[in-house]
Amino acid sequence: MSSSDTPAERMIGRILARPEFGRAEVVALLSAGGAEADDTIRRLAYEVKRAHVGPQVYLRGLVEISNVCAKNCLYCGIRRDARTPRYTMSRREILGCVRWIGEAGYGSVVLQAGERSDPRFVAFVESIVASIRRTMGDDFGITLACGEQSFETYLRWRQAGAHRYLLRIETSSESLYRQLHPLDHSFGGRVQCLEDLQDLGYQVGSGVMIGFPGQTIEDLADDLLFLRSIDVDMIGMGPYLAHHGTPLGANATDDDRESRLTLALRMISVARLLMPDVNIAATTALQALHPMGREMGLLAGANVLMPVVTPPEHRRYYVLYDERPCVEESAEECRACVAARIASIGESAALGVRGDPVHFAVR
Ligand code: SAH
Ligand code: SF4
């Protein structure tokens, strides 16, 4: 920083120069207000991203393989009690999507689903993963996001060939966690899952929902420090968005879109400053708040996009929150759109590579 710096730049420079990047610093960065602070923090985070993980965007094709869920999270549109038609994609459909992802050069697939731990589902996922590994080879990334499972299940899926797992902690505050989930959830159980995944050698991604009722800036600062403390390799965070059919979203009003977007982008930037070499996703939920939300996420410090590949006939039933964007789009349309979006901010997609997080290699 030089003498011509703006007051916001000087203030942020002073925060970043403190030897201990702890709670007070994170709270200060998250709460620094005004357009100038916004620009400065985003620019610094973008510079850190370019220096540590480079200018390319990694792509993961997202296949939402089933919306059947045994859990009843109070915020989620496909919770057990939600009255929505249920689907589980067939093996053929899933492998067809994976082939498409390979041909599109995305380099990685994410298989996401509602949470089920019955033996049939566990074996289904295991066999799909094994087929993908066999047909796509070792240079193809296989990520699972299928919720909390036993150590044995995570082991089976790992042995079948999965090497990344996404499981959000949702909030690092135990009391907020209790407010978001029914009694059959436990915060400790979720943390245990993240530890099990790390012990099994997965690249582990976690994250939180940003801006749900009752959450404070201090909670969000603790969330980022929590993610750093468990040494995550990947971060997927997005704004909380109400679903009218859920207990948490039933009476929500759709206000403050801009400030909610700003807060979500700020979280990405501060995460990047705090954890320079992890992969950070610009999630679809950002786009629900603003048509350019994901590009803004990349400019705020994210380096991963997860274009949806789920066929439209299923996609319309995988609705976690109101106003899910791109519900009617096909994978092909998403591909063209994503390429244009990445080019529009002067970045390029890293095609044909797994795009492993730098952090995992050095951890
Ligand atoms: N069942 C798996 C994967 C599907 S849910 C699991 O729970 O991990 C994936 C993510 O969607 C959740 O982690 C949650 O953070 C997010 N999500 C669910 N409902 C949401 C909502 N109303 N607003 C924003 N994100 C939501
Ligand atoms: Fe099920 Fe995941 Fe939704 Fe919870 S967040 S209800 S586990 S799909």
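Now for a look at the structure at hand. Note that this is a predicted model, so its numbers are computed, not measured. (Residues numbered from 1 in each chain as written. Chains lettered and ligands numbered in written order. Predicted model: local features only at pLDDT ≥ 70, side-chain atom pairs only at ≥ 80, totals over all residues. Heavy atoms only, no water.)

### Notes on the overall build of the chain
From N to C terminus, the chain includes 15 helices and 11 strands. Against the 2.2 N^0.38 benchmark of 21 Å for 363 residues, the chain shows a C-alpha radius of gyration of 19 Å, consistent with a compact globule. When its C-alpha atoms are laid out on the principal axes, the chain stretches across 65 × 40 × 40 Å. Intrachain contacts of the chain at a sequence separation of at least 6 include 75% that bridge at least 24 residues. In the structure as shown, the chain presents an accessible area of about 14,800 Å², 53% of it carried by carbon and sulfur atoms. (Helix = DSSP H or I, 4+ residues; strand = E, 2+ residues; numbered from the N terminus. Rg over C-alpha atoms; globule rule 2.2 N^0.38 Å. Contact = heavy atoms within 4.5 Å. Areas by Shrake-Rupley, 256 points an atom, 1.4 Å probe, with all protein chains shown as cover.)

### Re the site of ligand 2
Close to ligand 2 lie Cys69, Lys71, Cys73, Tyr75, Cys76, Ile78, Arg79, Gly114 and Glu115, which account for all nearby residues. In the shell around ligand 2, the residues fall into 5 nonpolar, 1 polar and 3 charged. (Near = heavy atom within 4 Å. Nonpolar A, V, L, I, M, F, W, Y, C, P; charged D, E, K, R; others polar.)

### Remarks on the site of ligand 1
In the vicinity of ligand 1 lie 18 residues, with Tyr75, Ala113, Arg168, Glu170 and Leu241 positioned nearest. Within the backbone of Tyr75, an N or O atom sits 2.9 Å from a nitrogen atom of ligand 1. Between ligand 1 and Arg168, the relevant distance is 2.8 Å, taken from an oxygen atom to a side-chain nitrogen or oxygen of the residue. Here the shell around ligand 1 is composed, by residue class, of 11 nonpolar, 3 polar and 4 charged. (Polar contact = N/O pair within 3.5 Å; in protein donor to acceptor, adjacent residues only side chain to side chain.)

### Description of the packing of aromatic side chains
Tallying each qualifying case throughout the model produces 6 aromatic pairs. Pairing Tyr154 with Tyr165 gives two aromatic rings, centres 5.0 Å apart and planes at 75 degrees, and the pair type is edge-to-face. With Tyr154 in helix H6 (residues 151-160) and Tyr165 in strand E5 (residues 164-166), the pair connects residues that are 11 residues apart, well separated along the chain. Aromatic side chains Tyr154 and Tyr202 sit 6.5 Å apart centroid to centroid with 75 degrees between the ring planes, which places their arrangement in the edge-to-face category. Within this pair, whereas Tyr154 is found in helix H6, its partner Tyr202 is found in the loop between helix H8 (187-199) and strand E6 (203-206), the two being separated by 48 residues in sequence. The residues Tyr154 and Tyr202 share a single accessibility class, namely buried. (Phe/Tyr/Trp six-rings, centres within 6.5 Å; stacked < 30°, edge-to-face > 60°. Buried < 20%, exposed > 50% of the residue type's maximum accessible area, 1.4 Å probe, protein only.)

### Quick notes on unusual backbone geometry
Most peptide bonds take the trans form, and the phi angle of most residues other than glycine is negative. Even without being a glycine, Glu170 presents a positive backbone phi close to 70 degrees. Mapped onto the secondary structure, Glu170 falls in the loop between E5 and helix H7 (174-180). Non-glycine residue Asp231 carries a positive phi angle of around 65 degrees. Structurally, Asp231 can be placed in the loop between helix H9 (217-229) and strand E8 (234-239). Accessibility expressed as a relative area gives 29% for Asp231, which makes it partly exposed.

### Some words on the pattern of salt bridges
Here the structure, examined in full by the defined rule, presents 19 salt bridges. A salt bridge links Glu323 to Arg257; the shortest N-O distance between them is 3.4 Å. Remark: Arg257 occurs in helix H10 (residues 257-274) and Glu323 occurs in the loop between helix H13 (312-315) and helix H14 (331-344); sequence separation between them is 66 residues. Of the residues examined, Arg257 reaches a relative accessible area of 24% and is grouped as partly exposed. For Glu332, the salt bridge is made with Arg335, and the minimal N-O distance between the two is 2.8 Å. Residue Glu332 and its partner Arg335 are both found in helix H14; the two are separated by 3 residues, about one turn of the helix. Overlapping salt bridges bring together Lys71, Glu115, Glu148, Glu170 and Arg190 as one network. (Salt bridge = Lys/Arg side-chain N within 4 Å of Asp/Glu carboxyl O.)

### What to know about the packing of helix H2 (residues 23-31) against H9
For any two helices packed against each other, the geometry comes down to the angle between their axes and how far apart the axes lie. The contact between H2 and H9 brings their axes to 9 Å, and the two run at 120 degrees. Between H2 and H9, the angle falls in the class oblique. The hand of the H2/H9 crossing is right-handed. Side by side, H2 and H9 meet where Arg23, Val26, Val27, Leu30 and Ser31 of the first sit next to Ile217, Glu218, Leu220, Ala221, Asp222, Leu224 and Leu225 of the second. In terms of residue class, the contact of H2 with H9 is built from 8 nonpolar, 1 polar and 3 charged. (Axes fitted to C-alpha atoms, helices over the stretch in contact; angles between N-to-C directions. Parallel < 35°, antiparallel > 145°, perpendicular 65-115°, else oblique. Left-handed = near helix turned anticlockwise from the far one by under 90°.)

### Re the environment of Met89
Position of Met89 among the secondary structure elements: in the loop between strand E2 (61-66) and helix H4 (91-104). With 67 residues separating them along the chain, Met89 and Arg156 place their C-alpha atoms 21 Å apart. If sequence neighbours within four positions are ignored, Met89 has contacts with Val63, Glu64, Ile65, Ile94, Cys97, Phe124, Thr310, Pro311 and His314.

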